[in-house]
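# Descriptive structure summary
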Amino acid sequence: MNRSAQAFWLARPGEGEIRPVTLAEPQVGEVVVRALYSGVSRGTETLVFRGGVPESQHTTMRAPFQEGDFPAPVKYGYLSVGTVEEGPDTLVGRTVFCLYPHQTRYVVPAAAVTPVPKSVPAARAVLAGTVETAVNALWDAAPLIGDRITVIGGGMVGCSVAALLARFPGVRVQLVDADPARAATAAALGVDFAAPEDALGDRDLVVHASATEAGLTRALELLTPEGTVLELSWYGDRRIALPLGEAFHSRRLVLRGSQVGTVSPARRASRSYADRLALALDLLTDPALDALITGECAFAELPVVMPLLASGRLPALCHRVRHPEAP
């Protein structure tokens with residue numbers, strides 16, 4: 001079988017390149033995956049591309065199959081979909097999802113890949129990692145039937161959360177973002193949209209994913225008494241100020257963090273990471289989620305495209321990368 005591959009590396013902050021790779025011979029219990037698509041998570045990956053990972057977070061931010069170290073050179077990424085070329089008979093020929101960087105072929109333990117349901121197109125399955133984050137957030141938030149819920153931040157994670165909440169019986173969901181272009185995305189996902197100044201109040205739950213001080217402050221303002229803000233944003237080493245000296249105590253508000261790397265044992269003691277990812281892939285049968293993929297390029301174009309994504313000159317939620325052997 002073909003043992004040659006190519007991988008996208010961050011050579012130095014702000015500059016990427018494609019490097020040749022020679023794959024190791026797969027051992028018992030390993031698979032060879034031929035990539036079809038990968039996805040660029042605009043928030044985390046562009047932070048890495050800019051060299052913006054704080055030193056204190058170098059260990060926490062490592063991707064499962066990362067090579068190299070922050071700030072660079074580093075091979076980073078975690079949204080890969082491909083076909084198993086070699087491995088156990090139960091997996092050969094299957095389309096799988098793996099938390100692997102942008103690389104045309106790779107060898108990983110069989111346990112590191114999750115089969116994609118036949119009802120989910122491979123091109124959509126690159127969203128599995130982000131939908132998995134949304135699943136974990138909703139396990140933490142535990143919304144109830146009929147709740148009035150706002151999601152602040154129309155990025156990839158916020159839109160994924162809003163899309164899943166739209167399926168809850170009786171739940172009234174509003175997506176809030178400063179960018180009016182997100183209104184079209186909200187409509188495609190089946191949820192209402194508002195600018196921050198026009199957002200509805202008296203919300204039972206506000207999910208915050210804008211990673212801004214203004215967004216988190218607005219989240220607290222929108223709550224009904226004893227309401228909860230679930231904080232999904234990651235601020236790195238930034239410090240933020242909040243108005244906790246105003247009505248925060250008298251209204252008995254709750255501010256709770258959610259962490260994608262772990263499943264809360266208090267809330268889902270019987271669920272594993274594998275359960276969470278499998279559920280995310282099952283949820284991707286909904287074609288409405290295609291609205292989260294807002295651009296595509298060829299793998300060979302990544303060195304040119306990544307600086308555009310990192311600078312914001314190329315706006316995106318999830319940017320899909322088409323590998324050479326994609327259909």
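Read on for an overview of the structure. (Residues numbered from 1 in each chain as written. Predicted model: local features only at pLDDT ≥ 70, side-chain atom pairs only at ≥ 80, totals over all residues. Heavy atoms only, no water.)

Within this structure, the stated rule accounts for one cavity of 30 Å³ or more. Taken as a whole, the largest cavity spans an internal volume of roughly 70 Å³. Forming the boundary of the largest cavity are F8, L10, E45, V48, F49, V74, Y76, H102 and M306. Where the lining of the largest cavity is concerned, the elements lending two or more residues are β1 (4-12) and α1 (42-49). No other element matches the three residues that α1 contributes to the lining of the largest cavity. Its residues assigned to classes, the lining of the largest cavity shows seven nonpolar, one polar and one charged. (1 Å grid on protein atoms, 1.4 Å probe; cavity = no way out; pocket = protein on both sides within 12 Å on 5 of 7 lines; lining within 4 Å. Points joined across faces, edges and corners; volume = space filled by probe spheres on them. Helix = DSSP H or I, 4+ residues; strand = E, 2+ residues; numbered from the N terminus. Nonpolar A, V, L, I, M, F, W, Y, C, P; charged D, E, K, R; others polar.)

We now examine the environment of R251. In this fold, R251 is placed in the loop between β14 (223-231) and β15 (254-257). A C-alpha to C-alpha distance of 8.4 Å links R251 and G227, two positions 24 residues apart in sequence. Residues in contact with R251, not counting those within four places in the same chain, are L220, E221, L223, T224, P225 and E226. (Contact = heavy atoms within 4.5 Å.)

Before going further, it helps to spend a moment on helix α6 (residues 273-283). Three or more residues of α6 are buried, namely R276, L277, A280, L281 and L283. All buried residues of α6 project into a common sector of 160 degrees when viewed along the axis, lining one side. Where α6 is buried, its residues meet β7 (95-98), β9 (113-115), α2 (128-141) and α3 (156-165). (Buried < 20%, exposed > 50% of the residue type's maximum accessible area, 1.4 Å probe, protein only. Arc of directions from axis to C-beta.)

Cis geometry is adopted by the peptide bond preceding P71, which originates at F70 and carries an omega value of 5 degrees. Structurally, P71 can be placed in the loop between β4 (67-68) and β5 (74-75). The linkage connecting A72 with the following residue, P73, adopts the cis geometry, with an omega of -5 degrees. Here P73 lies in the loop between β4 and β5. The phi dihedral of A142 is positive, around 50 degrees, even though this residue is not glycine. By the element assignment, A142 lies in the loop between α2 and β10 (148-152).

By volume, the second largest pocket amounts to about 180 Å³. Along the walls of the second largest pocket sit 11 residues, with V135, L138, W139, L164 and F168 positioned nearest its centre. Secondary structure elements with two or more residues in the lining of the second largest pocket: α2 and α6. Sorting elements by how many residues they give to the lining of the second largest pocket places α2 first, with three residues. For the lining of the second largest pocket, a count of residues per class yields nine nonpolar, no polar and two charged.

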